[in-house]
Amino acid sequence: MSHTEDSTIQIASVLTEALPYLQRFAGKTFVIKYGGNAMENESLQNGFARDIVLLKAIGINPVVVHGGGPQIGDLLKRLKIQSRFVDGMRVTDSETMDVVQMVLGGLVNKEIVSLINRNGGKAIGLTGKDGNFIKARQLKIHRQTPEMQAREIIDIGLVGEVEAINTDIIQMLKNSDFIPVIAPIGVDQHGKSYNINADLVAGKVAEVLNAEKLILLTNTPGVLNQQGELLTGLTVNRVNSLIADGTIHGGMLPKIRCALDAVKNGARSAHIIDGRVKHAVLLEIFTERGVGSLITNHHEEIPQPSRLADECCVSVE
């Protein structure tokens, strides 16, 4: 068999493997959080954009939520504005918030919109301020005092959490030819703007849209066990036990909690995948093995290898 014939057969094999997933997910909504290394490498940027355009072309409704922490940090540094963090969150005064809005709502959002459009899509950029899309309130951080007698509230400024999502605009866009690209800026009832963690916004959007999938692109392969091996086919109960025994810790905790909240409150499944892998979104969705960690709201863990069985909520007696 020639090399050309072998390559052709391999392509056909990939397409037939993807067929049941294509059938299952037609018409469904995927919320995809985009950030990290996938946003900073040109080859990965174009691969991500083509993945999103392909999803829309085959009848899936992608909704993109993006971050931009490194870009915000770079501009603050150039403006000689000092960055300070509490529990991993940037303390945001009014001057810093101006920069956040400039970078997230302007520079980064429009770059992603342009990237998707250059690759054949029809993207439209939004912030939570558009049509009061993301209603926010100030995030309060509580800490126990050393005397353990009272809890201290730490003010980190214009950092918010999602109070509510107005789905009217996003429903209109996702049911058309357009791909929404969302910057995680919210607004309160008085018109004050807040900087919100992009993972949290993506999770809340997935909940209110009852999304088929929440996909979080990260800078790690996914959820790892204590031997550094990738875990997938995870249930909520299993994830909670991995948190309790310290297997899941550090920077993975906020992402895993976001994924858990999403699958418990409306999303069908969540995926934590490595944004450094080219076409990671397609590989995770349309192949049997996937490339990241799948989390569902099953009460019983379902054995591999069938990820499709996991996602169809097929139980094992």
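Residues numbered from 1 in each chain as written. Predicted model: local features only at pLDDT ≥ 70, side-chain atom pairs only at ≥ 80, totals over all residues. Heavy atoms only, no water.

An unreviewed UniProt entry annotates the chain as Acetylglutamate kinase originating from Kistimonas scapharcae. Its UniProt record, at the heading Subcellular location (unreviewed entry), says of the chain: "Cytoplasm". (UniProt positions renumbered as here; feature names shortened; annotations may be inferred.)

This brings us to the environment of Ile196. You can see Ile196 is positioned in the loop between strand 12 (193-195) and helix 7 (198-208). Classification of Ile196 by relative accessible area gives buried; the value is 2%. Excluding its chain neighbours within four sequence positions, the residues that come into contact with Ile196 are Ile134, Ala136, Gly160, Glu161, Val162, Pro184, Gly186 and Val201. (Helix = DSSP H or I, 4+ residues; strand = E, 2+ residues; numbered from the N terminus. Buried < 20%, exposed > 50% of the residue type's maximum accessible area, 1.4 Å probe, protein only. Contact = heavy atoms within 4.5 Å.)

Counted according to the given criterion, the structure contains nine salt bridges. Between Lys122 and Asp177 there is a salt bridge whose closest N-O contact spans 4.0 Å. Here Lys122, found in the loop between helix 5 (94-118) and strand 5 (123-127), pairs with Asp177, found in the loop between helix 6 (168-174) and strand 10 (179-183); they are 55 residues apart in sequence, far enough to count as distant. Relative accessible area serves as the criterion here: at 39%, Lys122 is assigned to the partly exposed category. A salt bridge links Arg276 to Asp274, with the nearest nitrogen and oxygen atoms 2.8 Å apart. (Salt bridge = Lys/Arg side-chain N within 4 Å of Asp/Glu carboxyl O.)

Attention now moves to the UniProt feature "site: Transition state stabilizer" (unreviewed entry) in the chain. Mapped onto this structure's residue numbering, the UniProt feature "site: Transition state stabilizer" (unreviewed entry) falls at Lys33 and Lys255. Spatial clustering of the annotated residues is evident: they stretch over 223 residues in sequence, but the largest pairwise C-alpha distance comes to 10.7 Å. The topology assignment puts Lys33 in strand 1 (residues 29-34). Excluding residues that lie within four positions of it along the chain, Lys33 makes contacts with Val65, Gly67, Ala198, Asp199, Ala202, Ile215, Leu216, Leu217 and Lys255. Tracing the backbone through its elements, the reader meets Lys255 in helix 9 (residues 252-264). Not counting residues up to four positions away in its chain, the partners in contact with Lys255 are Lys33, Asp199, Leu216, Thr218 and Ile272.

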